[in-house]
Amino acid sequence: MIDWLGLGDIFAILAAIVWALSNILYKGFSHHLTPMQLNISKSVLASAMMLTTIAITQDAALPHHLTSWLWLIAGGVIAISDSAYFTALRNIGPARTLIIESLAPALVGVFNILLLNHYLSPFSWCGIVLTTIGVVIAIKPEKTSP
C-alpha cells in the first residue's frame, strides 16, 4: 500500500471510481430500459447486495422503533426519485447530469440556512465551491446545450 494514503482515503477513491463507472453503466442501460425499469433494477440489485452482506456478517438486526421503520420507508420512496436522475442521464448525458449533481452540497448549505437556521463555516463553503469548480473542469461537456 501507499504509505501516505490511509484506508479511508483508499475507500474514498474506490467509491469515486464506482460512482463514475455506475453513471457510465446507467447511461448505457438507459437506451434499453425506461428510467422506472432502471430504477427498479437498481433497487433489486441493491437489495440483493444488502441481503448478501447480512448473510456474510450474520447481522440480521431489525429496527425496533416505529420511527426507524418510517425512515426506512421514506428512503425507499425517495429512491423513486432516481427515475428523474436516470431520465436526465438519458436526455442530457452523464457529463451535464454530474455537473448539475455537483451543485447538491451548495443546495444543502442553502437549505440548512433557510430551513434549519444553521450556517456552514466559510471553510465549508470554500470546499463546496472548490469541489464544484473541480467537477465542472473535469467533466466539461464537449458541446454546448441545445
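Everything quoted here is computed from the prediction, not taken from an experiment. (Residues numbered from 1 in each chain as written. Predicted model: local features only at pLDDT ≥ 70, side-chain atom pairs only at ≥ 80, totals over all residues. Heavy atoms only, no water.)

Colleague: How would you sum up the overall build of the chain? Please name residues and give values.
Modeller: Broken down by element type, the chain carries six helices and zero strands. In sequence order, the secondary structure elements of the chain are arranged as α-α-α-α-α-α. Its C-alpha radius of gyration of 18 Å places the chain more than 25% over the 15 Å reference for a compact globule of 146 residues. Per-residue burial over the chain gives 15% buried out of 146 residues. Once local pairs closer than 6 in sequence are excluded, the contacts in the chain between residues at least 24 apart make up 63%. About 11,300 Å² of surface is accessible on the chain, with carbon and sulfur atoms providing 75% of the total. Of the charged side chains in the chain, 6 are positive and 6 negative, and the gap between their average positions amounts to 20 Å. (Helix = DSSP H or I, 4+ residues; strand = E, 2+ residues; numbered from the N terminus. Rg over C-alpha atoms; globule rule 2.2 N^0.38 Å. Buried < 20%, exposed > 50% of the residue type's maximum accessible area, 1.4 Å probe, protein only. Contact = heavy atoms within 4.5 Å. Areas by Shrake-Rupley, 256 points an atom, 1.4 Å probe, with all protein chains shown as cover. Lys, Arg positive; Asp, Glu negative; His and termini not counted. Charge placed at Lys NZ, Arg CZ, Asp CG, Glu CD.)

Colleague: Tell me what's going on with the environment of A16, and back it up with residues and numbers.
Modeller: Here A16 shows up in helix α1 (residues 7-29). Since its relative accessible area comes to 41%, A16 is described here as partly exposed. Counting along the chain gives 61 residues from A16 to V77, while the straight-line C-alpha distance between them is 25 Å.

Colleague: Explain the packing of α1 against helix α4 (residues 82-101) to me, using residue names and the numbers behind them.
Modeller: Contact geometry of α1 with α4 gives a least axis separation of 9 Å together with a crossing angle of 150 degrees. One way to sum up the angle between α1 and α4 is to call them roughly antiparallel. Regarding α1 and α4, the two cross each other, and that crossing is left-handed. Taking contact as the criterion, the partners of W19, N23, Y26 and K27 in α1 are, on α4, Y85, F86, L89, R90, G93, P94, L98 and E101. Of the residues assigned to the contact of α1 with α4, the class counts are seven nonpolar, two polar and three charged. (Axes fitted to C-alpha atoms, helices over the stretch in contact; angles between N-to-C directions. Parallel < 35°, antiparallel > 145°, perpendicular 65-115°, else oblique. Left-handed = near helix turned anticlockwise from the far one by under 90°. Nonpolar A, V, L, I, M, F, W, Y, C, P; charged D, E, K, R; others polar.)

Colleague: Tell me what's going on with α1, and back it up with residues and numbers.
Modeller: Here α1 is 23 residues long and its end C-alpha atoms lie 32 Å apart, about the 33 Å a rise of 1.5 Å per residue gives. When we look at burial in α1, the residues that qualify are I10, S22, N23 and K27. Among the structural elements, α4 are those in contact with the buried residues of α1. (Expected span 1.5 Å × (residues − 1).)

Colleague: Tell me what's going on with the environment of V110, and back it up with residues and numbers.
Modeller: Inspection of the secondary structure puts V110 in helix α5 (residues 104-116). Classification of V110 by relative accessible area gives partly exposed; the value is 37%. Separated by ten residues in the primary sequence, V110 and L120 have C-alpha atoms spaced 9.1 Å apart.

Colleague: Please set out the side chain of S22 residue by residue, giving values where relevant.
Modeller: Along the chain, S22 falls in helix α1. Given a relative accessible area of 18%, S22 falls into the buried group. A polar contact of 2.7 Å, which involves the side chain of S22, links it to the backbone oxygen of W19. (Polar contact = N/O pair within 3.5 Å; in protein donor to acceptor, adjacent residues only side chain to side chain.)

Take it as geometry only, folks, not as evidence of what the structure does.
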